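Architecture and fold: a report
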Amino acid sequence: GTGRFVHDVYRKHFLGSGHGDKVGIHERLAECFRQLRPGEYDLRCINAIDAERGTDAATLGVQAALQSEREGRPWANLPARILDAIEIGGLGAATHSLVAAHHTLRDYDYDVCLATLDDLSHDLPKPVVAEATHMRAACLMSTPSAADRQTARTTLPGWSDYVILE
């Protein structure tokens, strides 16, 4: 749903049926949620939908899907609005691939995980690429190969500035 407000009066004022600039309000809320609730991807996705930020909504939807899977909940059980945002944003195939890669990593099938990640489109939003890169590094760190582990170590430092921003 929508973010929780400290007081119901604020919620009614900002999101009540009579307020004319709901899109603008959700646009301003997006930055607040990013800073105050960065890991609540489902909340942020719904807010991005309401802010009419389709690309952001799709990207956050992918992150919500991966978070659900990491927490042992099937991503297909996410709210329909989030699933629709992923599809409308053109990230359905990437989501399926990333979830499949997550499952193969969890099942110690590193070769299949890496192959699945290799097949991802190279034209993905930066947060989705970051998720794939993190998963690739986790996979490489888990193999018995010293060369793979070294590759993983050199992959992640390039993302340190991004982590600080996001």
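Here the residue numbering is sequential within each chain, running from 1 through the sequence in written order. Reporting of local features is limited, given that this is a predicted model, to residues whose pLDDT is at least 70; pairs of side-chain atoms are given and counted only at 80 or more, and all residues count toward the totals for whole chains, interfaces and linings. In computing side-chain values, all of the structure's heavy atoms are included and hydrogens and water are not.

In what follows, salt bridge is the name for a side-chain nitrogen of Lys or Arg lying within 4 Å of a carboxyl oxygen of Asp or Glu. On inspection of all chains with the given rule, the structure shows eight salt bridges. A salt bridge links Asp107 to Arg106; the shortest N-O distance between them is 3.4 Å. Two residues, Asp118 and Arg136, come together in a salt bridge whose shortest N-O distance is 2.9 Å. Highlighted residues: Asp118 in helix α7 (residues 110-118) and Arg136 in helix α8 (residues 126-142), separated in sequence by 18 residues. Per-residue accessibility, obtained with a 1.4 Å probe over protein chains only, is compared with the maximum for each type, and a residue is labelled buried under 20%, exposed over 50%, and partly exposed between these values. The partly exposed category is assigned to Arg136, whose relative accessible area is 24%. Each helix corresponds to a stretch of at least 4 residues labelled H or I by DSSP, and each strand to a stretch of at least 2 residues labelled E; elements are numbered beginning at the N terminus.

Here is the rule: rings of Phe, Tyr and Trp (six-membered ring for Trp) pair when centre to centre is within 6.5 Å. Planes less than 30 degrees apart are stacked, more than 60 are edge-to-face, and the remainder are tilted. Going through the model one piece at a time under the given rule, you end up with one aromatic pair. Ring plane angle 80° and centroid distance 6.4 Å describe the contact between Tyr108 and Tyr110, whose orientation is recorded as edge-to-face. A relative accessible area of 65% places Tyr108 in the exposed class. Note on Tyr110: relative accessible area 16%, which makes it buried.

Let us now look at the nonpolar core. Nonpolar cores were defined as sets of buried Ala, Val, Leu, Ile, Met, Phe, Trp, Tyr and Cys residues, with membership established by side-chain atoms within 4.5 Å. The biggest cluster of nonpolar side chains holds 35 residues, and the ones touching the most others in it are Leu91, Leu98, Leu117, Leu120 and Met135. Those elements giving two or more residues to this core turn out to be α3 (41-50), α4 (54-70), α5 (80-88), α6 (92-106), α7 and α8. Considering each element in turn, this core owes the most residues, seven residues, to α4. It only takes one pair of heavy atoms within 4.5 Å for two residues to be counted as in contact. For Leu120, the contacting residues outside a window of four places in its chain are Ala94, Ser97, Leu98 and Ala132.

The next thing to look at is the layout of surface pockets. Approximately 280 Å³ is the volume attributed to the second largest pocket. Put simply, the grid is 1 Å and covers the protein atoms alone, a cavity is a trapped set of points that fit a 1.4 Å probe, a pocket is an open set with protein on both sides within 12 Å along at least five of seven lines, and lining residues have an atom within 4 Å of a point. Along the walls of the second largest pocket sit 15 residues, with Arg34, Arg44, Arg53, Asp56 and Leu60 positioned nearest its centre. If you list the elements that add at least two residues to the lining of the second largest pocket, you get α2 (22-36), α3 and α4. No other element matches the five residues that α4 contributes to the lining of the second largest pocket. Looking at the lining of the second largest pocket residue by residue, the classes come out as five nonpolar, four polar and six charged. Grid points are joined across faces, edges and corners, and a volume is the space filled by probe spheres set on the points. Any residue that is not Ala, Val, Leu, Ile, Met, Phe, Trp, Tyr, Cys, Pro, Asp, Glu, Lys or Arg is counted as polar, Gly included; the first ten are nonpolar and the last four charged.

On to α5, then. Along an α-helix, residues three or four positions apart point the same way, because every turn accommodates 3.6 residues. Burial in α5 covers these residues: Ile82, Ala85 and Ile86. Each buried residue of α5 sits inside an arc of 100° when the element is viewed along its axis, so together they form one side. For α5, the exposed residues lying more than 90 degrees away from the buried face are Ala80 and Ile88. Downstream of α5 by one or two residues, Gly90 has phi in the positive range, about 75°. Think of it as the arc spanned by the lines of direction from the helix axis to the C-beta atoms.

Contact geometry for α4 and α8: axes closest at 9 Å, N-to-C directions at 30°. What the angle tells us is that α4 and α8 run roughly parallel. Across from Thr59, Val62, Gln63, Leu66 and Arg70 in α4, the residues of α8 making contact are Pro127, Val128, Glu131 and Met135. The residue inventory of the contact of α4 with α8, partitioned by class, reads five nonpolar, two polar and two charged. For helices, the fitted axis covers only the stretch in contact; all axes are lines through C-alpha atoms, and the angles between them, taken along N-to-C directions, range from 0 to 180 degrees. To sort the angles, those under 35 degrees are grouped as roughly parallel, those over 145 as roughly antiparallel, those from 65 to 115 as roughly perpendicular, and the leftovers as oblique.

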